[in-house]
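Topology and contacts: notes
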Amino acid sequence: MKPSQVLDLSSPIRTIGTLSGGAGSWGACRRWIDQHGPDGMVLLFTDVGGEDWANPNVGEDQDTMRFLAEARDNLGVPLVIIRNQRTIWDVFLEKRWLGNSSLAHCSWELKTGPARDWIGKHAPGAERVLVGIDVTEIHRLKDIKSNWEPYEAVAPLTDKPMLWKPQLLRMLSDRAIAPPRMYELGFAHANCPGCVKGGQSHWARLWRVWPERYLYAERKEQEIREKLGADVSILKDRSDHKVRSLTLERFRVEKLGKSDLLLDLFGERDLFDGLDEGGCACFTDAPPELALVPDGSEDREERYDWHWSLPGDPLRPDSTQSARPEPIRGAA
Ligand code: SF4
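This text gives an overview of the structure that appears in the document. (Residues numbered from 1 in each chain as written. Predicted model: local features only at pLDDT ≥ 70, side-chain atom pairs only at ≥ 80, totals over all residues.)

1. Considerations on the packing of helix α8 (residues 200–209) against helix α10 (residues 248–256)
Between α8 and α10, whose axes approach to 11 Å, the crossing angle comes to 80°. Looking at the two axes, α8 sits roughly perpendicular to α10. For the pair α8 and α10, the contacting residues are Q200, W203, A204 and W207 in the first and L248, F251, R252 and L256 in the second. Across the contact of α8 with α10, the residue classes break down as six nonpolar, one polar and one charged. (Axes fitted to C-alpha atoms, helices over the stretch in contact; angles between N-to-C directions. Helix = DSSP H or I, 4+ residues; strand = E, 2+ residues; numbered from the N terminus. Parallel < 35°, antiparallel > 145°, perpendicular 65-115°, else oblique. Contact = placed C-beta atoms within 7 Å. Nonpolar A, V, L, I, M, F, W, Y, C, P; charged D, E, K, R; others polar.)

Pasting the structure below:
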């Protein structure tokens, strides 16, 4: 283990590198370290697996954890992992709001909020937070900077020469780090596979690649609908110039369950809204203002634990970080 990877809370922490599990956040930290060195830097990752982290249908993909371990070893600075006791589904029930593209409490409650709490408590001298957005998302930078105040949000990938995904994938390849498998499976992000901010195109891909994960989310959505007694849904049906709920079950049966002949004739993108990809803004968002149940004065830190990881150690107790899980192709 490199001495630089030992977490020493008695030394001032000035720079927080937020790792999301994707190539962008690794690239932002890599560039910062190449230009400024690793001193006073800590990486932060927030795991949304909750108490159910061993369930492969909950939280991040296992290969994202493998990638994080390799990214951490490459960057050579300590990695702190924060795990809340709740899953995204617990948060939705607690907030009485099923997350969707308009508002997803999971992002603040399980990622940005705990990260800010940790920084405030354990890194009071932090000056800046590195974020992995690139030029394709530069329009979000002004809001991100304002959301992270009083820390300075720094987006190293947007400095010239700008770097984005193709270059980052090449940089990973040069260092013999395989990117998260979600990219080669067609996902735009390597965050939660069943991201509630994802649109129809994202969920159609999840159904094709990981049907078990889709069906798990479908059951959870139904459970929340029943508990809330409301016609809520993750997806939206925007046909006929109206916006209506579209449950994952209805989307699967009516849109994704078409026969092969129809798919051959029309192509799946004509059977649903193929441009509705959606996206995730974890680690960059502000506290939601539309909370139906206010946060109150609870100390959020009582609801999460954190530890720092050792190089070579698994990020989750039972995961094997050395092997890259095979893609689970299968589907409907
Ligand atoms: S990736 Fe999506 S589902 Fe996961 S925490 Fe972020 S917004 Fe929620």
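2. Remarks on the pairing of strand β1 (residues 15–18)
Every second residue of β1 is oriented toward a common face, with T15 and G17 on one face and I16 and T18 on the other, all of them buried. Strand direction decides the pairing type here: β1 and strand β2 (residues 41–47), joined by four bridges, are parallel. Bridge pairing in β2 links T15 to M41. With helix α1 (residues 23–36) bridging β1 and the parallel β2, this β-α-β connection has right-handed handedness. Pairing analysis gives three bridges linking β1 to strand β4 (residues 128–130), with the strands arranged parallel. Residue pairing for β4: I16 is matched across the bridge by V129. (Buried ≥ 20, exposed ≤ 12 C-beta atoms within 10 Å, placed from the backbone. Pairing = 2+ DSSP bridges. Right-handed = clockwise from strand over helix to strand, strands pointing away.)

3. Let's talk about helix α4 (residues 105–122)
Over its 18 residues, α4 extends 24 Å from the first C-alpha to the last, a length consistent with the 26 Å expected when each residue adds 1.5 Å. Most pronounced at G113, the bend in α4 amounts to some 35°, and the proline P114 follows within four residues. Extensive coverage of α4 is indicated by the burial of 13 of its 18 residues. (Expected span 1.5 Å × (residues − 1). Bend = angle between axes of the 7 residues up to and from the residue.)

4. Observations regarding the site of the ligand
In the neighbourhood of the ligand, 15 residues make up the surrounding shell, with C106, N191, C192, C195 and C282 lying closest. Looking at which element gives the most residues to the shell around the ligand, the answer is α4, with four residues. Its residues placed into classes, the shell around the ligand shows ten nonpolar, three polar and two charged. (Near = placed C-beta within 6 Å.)

5. Looking at the sheet that holds β2
Strands belonging to one sheet form pairs held by backbone hydrogen bonds; the direction of such a pair is parallel or antiparallel. Taken in spatial order, the six strands line up as β5-β4-β1-β2-β3-β8 in an open sheet, and their pairing is mixed. Both outer strands of the open sheet, β5 (152–154) and β8 (304–309), are each paired with one neighbouring strand and no more. Direction aside, neighbouring strands of the sheet carry axes that sit 25° apart on average. Packed on one face of the sheet, α1 meets β1, β2 and β4 and runs near 150° to β1.

6. Structural notes on the environment of R213
Take R213: it is sitting in helix α9 (residues 211–228). Take R213: there are 19 C-beta atoms within 10 Å of it, and that puts it in the partly exposed class. Counting along the chain gives 157 residues from R213 to P56, while the straight-line C-alpha distance between them is 7.9 Å. If near-sequence neighbours (up to four positions away) are discounted, R213 is found in contact with N57, P193, G194 and L206.

7. Notes on helix α2 (residues 62–75)
For α2, built from 14 residues, the straight-helix expectation of 20 Å at 1.5 Å per residue is met to within 8% by its first-to-last C-alpha distance of 20 Å. Counting buried residues in α2 gives twelve out of 14 residues, a clear majority hidden from the surface. Buried within α2 are the following residues: Q62, D63, T64, M65, R66, F67, L68, A69, E70, A71, R72 and L75. Structurally, α2 contributes buried residues whose contacts are with α1, β2, β3 (79–84), α7 (181–184) and β8.

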